[in-house]
Amino acid sequence: MNRQNAPLAAPGLVQRRDREGVAVLRLNGPDGNRMSPALVGDLAAALEAVLTDPVITGVVLTGGAQGFCAGAFADLPLPGPDPQTLPPVMAALADLCDRIEGAAKPVVAALSGRVASGGLALALAAEARIAAPGTVFLCPEARLGRLPPGGAAVRLAWRVGAGPALTLIGGRAMGARNALAAGLVEAVVDDPVAAAIARVLDLVPAPRSRARPGLDDPAGFAGALAEARAALPAPLPSHRLPDLWLLDALEAAQLLPPEQALAFDRARAEDATLRPEARMLAHVALAARRAQEPEPRPVDGAVCLALDAPTAARLVPILLREGVSVLVMGRDRETLAATLERVAEAQFAQVRAGRLTQAEAEEDWTRVAGRLRLDPDQPPAVALADAAHLAWLEAALPANVPLAAWEPASEWLAGLAHPERALALLPAPTRPVRLCELVERGPETAPVRAPLTALALQVRMTALRVQEGPVLTPLIRAAARAAARLRALGARPEALAAVEILPQGLAEGQAAEDRADLPLPLDRLVLLAVVNEGMRLLAAGRALRPSDLDLALVMGAGWPHWRGGPMAEADALGPMVLRHDLRIAAALDPDLWTPEPILDEMIRRGWRFADLNETTPA
């Protein structure tokens, strides 16, 4: 067998194939090559094998068809009362990146798909990076309350400077062409593996050296950091400390020797990881991913809308930016023209704000059409209508077109000829709308779930599956009832306004003159009321999982995301403490705070709410 093209490792998390004396190591891990302990361990072993192989002159790291690394690995424990410790994979990944950077043989990364989190750290540790045209670089750690792993913050700053590093680490994706312009990659080619092999062969005779072009403009580097520091709020809230630590790490990239800068970065990354906010933010991210599983395929075909003009102006430009063809329906020419005019005004506003170019707006407009009636030979893939247009649009649709009812009125199903193809889509009250509830009604509506979930995603909302009715409204109502009862006991509006988990506006109202001695802090009493309502919704089958209730309040009602949501906070207390506190609070209002029976069952079984998240809804 020809050794030059022979697979030298059995198929697994890392696959090896040697070509022209270069070992190509392809990551083949689960879940899009997120840097799990198993994947990091297998890659470290495979790298050590090729670096000590006398026949091999260099290494190419690649991710193959599934991309290089889809995102952050969930390495933190679920919310609970137990103390937090550092996940071992953090040190293992940092050591692996140091080994790549210090290798005596050239290591080049051939990148495609998503390059995020630990995958970005690996790529930055390599001597060079070659990207495919569709490659996207991402750094999700900022929204997780953490620093990028594996020394990525320091190495990114060395490569592109503080300004571009802050943009990428701040959460803005960077495409391949922009990465090339920034100096993050050396080339963008259709076959990055072949180009990476050629680059390795070019580097073999050269001595190992590490240029740091991001430090070439010291004043610009320092200026970008100063501007970012000035933008931080003062005083700095506790949950924003990792933002400050990130700036410290980037400053270390400029001021400290390389080894010390990386050590400082690692220490700050560990500090951020140990904070309870990181654990809660990881829970919210996992809840969002869990709520979308299985991820539906995008809508294949046109989307038909019959909405009032303001709602159409909000949703149509988003669909157009997603590349969707949109049919805007109107009952008459005057109404249709007014709706299309509002949509055009919304697009022009985005152009004026710099969020959309004129060319992009013109291209998008080619995918929108106004209709007074549908062409029976070209039915839409899915339809969306508000309460005023629902029955009218449903009568015009073929029977097999899924229909989403946007904020329908009560008894809305009675007016439909085919209710089995329709589901209610309830947008959250926050603006911008980031979450909507998809209200299912048993097995008969299951076939339309996927296309309507896909529609919600294409208008950039998380679709939260609920059964027979919403969950967000009862949760907000429970918080409102708690606030009203506490005002009746003398709690002042300004004290309630300081309860950060209360949705906006619920603190307002007249407090009683006589103040009662409360057995627990206001924040805890509001939390307990919402958790108790969440247990009712779980017991009734309205909510599929506790984490869905957390997601509803975080994305739909302004619950601080760094606190994780009510059910996660309850898990942090522990079920015994939760029951104890509820029993104390029940003396204030038995209907609101008497513990739900499901809590006794959980304690008997030794469960937390996190254990209920593991059940897979049908």
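The structure this text deals with has already been given above.
Scope of this entry: the structure provided in the associated data block.

Here is what the cut-offs are and how they apply
Counting starts from 1 at the beginning of each chain's written sequence and moves along it residue by residue. In view of the model being predicted, local features appear only for residues whose pLDDT reaches at least 70, and side-chain atom pairs are presented and counted only at 80 or more, with totals across whole chains, interfaces and linings using the full set of residues. Where side-chain values are given, they derive from all heavy atoms of the structure, hydrogens and water being excluded. Where helices and strands are cited, they refer to DSSP runs of H or I of at least four residues and of E of at least two residues respectively, numbered from the N terminus. This radius of gyration counts C-alpha atoms alone. The globule rule is 2.2 Å times how many residues there are, raised to the power 0.38. When accessible area is computed with a 1.4 Å probe and restricted to protein chains, residues below 20% of their type maximum are described as buried, those above 50% as exposed, and intermediate ones as partly exposed. We call two residues in contact when some of their heavy atoms are within 4.5 Å. In this description, accessible areas are obtained by the Shrake-Rupley approach with a 1.4 Å probe, and a residue is regarded as covered only by the protein chains that are shown. Two strands make a pair as long as DSSP finds a minimum of two bridges between them. Each axis is a line fitted through C-alpha atoms, taken for helices only over the stretch in contact, and angles between the N-to-C directions span 0 to 180 degrees. The criterion is simple. A nonpolar core is a set of buried Ala, Val, Leu, Ile, Met, Phe, Trp, Tyr and Cys residues joined through side-chain atoms within 4.5 Å. The pocket and cavity definitions rest on a 1 Å grid over protein atoms only: a 1.4 Å probe that fits but cannot leave marks a cavity, an open set with protein on both sides within 12 Å along at least five of seven lines marks a pocket, and residues lining either have an atom within 4 Å of a point. Grid points are joined across faces, edges and corners, and a volume is the space filled by probe spheres set on the points. What the arc describes is the spread of directions from the helix axis to the C-beta atoms. Each salt bridge in this description consists of a side-chain nitrogen of Lys or Arg and a carboxyl oxygen of Asp or Glu lying within 4 Å of one another. Here the word oblique covers every angle except those under 35 degrees (roughly parallel), over 145 (roughly antiparallel) and from 65 to 115 (roughly perpendicular). A patch consists of residues exposed above 30% relative accessible area that lack any salt bridge, with like charges linked at up to 9 Å and nonpolar side chains (Val, Leu, Ile, Met, Phe, Trp, Tyr) linked at up to 5 Å. Under the rule applied, a polar contact is a pair of N or O atoms within 3.5 Å (in protein, one hydrogen donor and one hydrogen acceptor; residues adjacent in sequence only if both atoms are side-chain atoms).

### A few points about the overall build of the chain
Within the chain one finds 26 helices and 17 strands. At 27 Å, the chain has a C-alpha radius of gyration in line with the 25 Å of a compact globule built from 618 residues. Its C-alpha atoms give the chain principal-axis dimensions of roughly 80 × 65 × 50 Å. Burial status across the chain gives 53% buried among its 618 residues. Looking at the chain alone, contacts between residues at least 24 apart form 69% of all its contacts between residues at least 6 apart. Carbon and sulfur atoms make up 55% of the accessible area of the chain, which amounts to about 26500 Å² in all.

### Observations concerning the sheet that holds strand S3 (residues 58-62)
The sheet built from six strands is open, its strands ordered S1-S2-S3-S4-S6-S9 with mixed pairing. Edge positions in the open sheet fall to strand S1 (14-19) and strand S9 (187-188), since each of these has one partner strand only. Pairing between S3 and strand S4 (residues 107-111): four bridges, direction parallel. Counted as the bridge partner of Val 60 is Val 108 from S4. Running at roughly 175° to strand S2 (residues 22-27), helix H2 (residues 37-51) makes contact with S1, S2 and S3 of the sheet. Strands S1, S2, S3, S4 and strand S6 (128-131) of the sheet are contacted by helix H8 (residues 192-203), whose axis makes an angle of about 165° with S4.

### Section: the nonpolar core
Counting 76 residues, the largest nonpolar core has Leu 393, Leu 502, Trp 593 and Phe 609 as the members making the most contacts within it. A per-element tally of this core places helix H20 (residues 522-539) first, with eleven residues. With residues up to four places along the chain from it excluded, the contact list for Trp 593 reads Ala 482, Arg 485, Leu 486, Leu 525, Leu 528, Ala 529, Asn 532, Leu 582, Ala 585, Ala 586 and Leu 588. Grouped together as the second largest cluster of nonpolar side chains are 73 residues, Leu 27, Leu 39, Ala 152 and Trp 158 included.

### A word on the sheet that holds strand S13 (residues 382-386)
Spatial strand order, S12-S11-S10-S13-S14-S15-S16-S17: eight strands in an open sheet with mixed pairing. Since the sheet does not close on itself, it has two edges, and those belong to strand S12 (368-371) and strand S17 (462-467), each with one partner. Ignoring which end each strand starts from, the neighbouring axes of this sheet average 25° apart.

### Here we look at unusual backbone geometry
In this chain, Ala 234 is followed by Pro 235 through a cis amide linkage whose omega measures -5°. Residue position: Pro 235 is located in the loop between helix H9 (218-231) and helix H10 (241-255). Here the residue pair Glu 293 and Pro 294 is connected by a cis peptide bond, since its omega of -10° sits within 30 degrees of zero. Tracing the backbone shows Pro 294 in the loop between helix H12 (276-291) and strand S10 (303-306).

### Overview of empty space enclosed by the protein
Under the defined criterion, the tally for this structure stands at two cavities of 30 Å³ or more. Roughly 40 Å³ of volume is contained in the largest cavity. Along its surface, the largest cavity is lined by Pro 79, His 283, Pro 546, Asp 550, Met 567, Ala 568, Asp 571, Phe 609, Ala 610 and Asn 613. Residue assignment for the lining of the largest cavity shows that the elements contributing at least two residues are helix H21 (546-556), helix H22 (566-573) and helix H26 (609-612).

### Quick word on the environment of Leu 452
Topologically, Leu 452 is positioned in helix H17 (residues 446-458). By relative accessible area, which is 0% here, Leu 452 ends up buried. Between the C-alpha atoms of Leu 452 and Pro 296, which are 156 residues apart in sequence, the distance is 9.1 Å. Leaving out residues up to four positions away in the same chain, Leu 452 has contacts with Val 382, Pro 402, Leu 403, Ala 404, Leu 423 and Leu 438.

### What about the layout of surface pockets?
In this structure, the second largest pocket spans a volume of roughly 420 Å³. For the lining of the second largest pocket, the leading source of residues is H10, giving four residues.

### Regarding the pairing of S6
Residues Ala 128 and Ile 130 point to one face of S6 and Arg 129 and Ala 131 to the other, with burial holding for every one of them. Bridging between S4 and S6 involves four bridges; their strand directions are parallel. Residue pairing for S6: Val 108 is matched across the bridge by Ala 128.

### A closer look at helix H23 (residues 575-585)
Among the residues making up H23, those that are buried are Pro 575, Leu 578, Arg 579, Asp 581, Leu 582 and Ala 585. The buried residues of H23 occupy an angular sector of 165° when projected down its axis, which confines them to one face. On its buried face, H23 is in contact with H20, H22, helix H24 (590-593), helix H25 (597-605) and H26.

### Describing the pattern of salt bridges
Within this structure, the stated rule accounts for 36 salt bridges. In this structure, Asp 248 and Arg 268 form a salt bridge, with 3.9 Å as the shortest nitrogen-oxygen distance. Remark: Arg 268 occurs in helix H11 (residues 258-273) and Asp 248 occurs in helix H10; sequence separation between them is 20 residues. The exposure class assigned to Asp 248 is buried, which follows from its relative accessible area of 17%. Residue class for Arg 268 comes out partly exposed when judged on its relative accessible area of 21%.

### Observations regarding the packing of helix H18 (residues 472-488) against H21
Where H18 contacts H21, the axes come no closer than 10 Å and their chain directions differ by 75°. The angle between H18 and H21 places the two elements in the roughly perpendicular class. Between H18, through Leu 472, Leu 475 and Ile 476, and H21, the contact on the second element is made entirely by Leu 549, Ala 552, Leu 553 and Gly 556.

### Observations concerning the pairing of S2
With five of six residues buried, S2 is to be regarded as a mostly interior element. Summarising the sheet, S1 and S2 pair through six bridges and their orientation is antiparallel. Bridging from a neighbouring strand, Arg 17 pairs with Val 24 of S2. Counting the residues between successive antiparallel strands, the hairpin from S1 to S2 contains two residues, one of them, Glu 20, with a positive phi of roughly 55°. Here five bridges tie S2 to S3, and the two strands are oriented parallel to one another.

### Quick word on a nonpolar patch on the surface
A surface patch of nonpolar side chains, about 260 Å² in accessible area, is lined by Leu 255, Leu 256 and Phe 264. Topologically, Leu 255 is positioned in helix H10.

### Here's the deal with the side chain of Asn 532
For Asn 532, the location among the structural elements is in helix H20. Within the local environment of Asn 532, its side chain forms a polar contact with the backbone oxygen of Thr 594, the two atoms lying 2.7 Å apart. A distance of 3.2 Å separates a polar atom in the side chain of Asn 532 from the backbone nitrogen of Glu 596. Excluding its chain neighbours within four sequence positions, the residues that come into contact with Asn 532 are Leu 582, Leu 592, Trp 593, Thr 594, Pro 595 and Glu 596.

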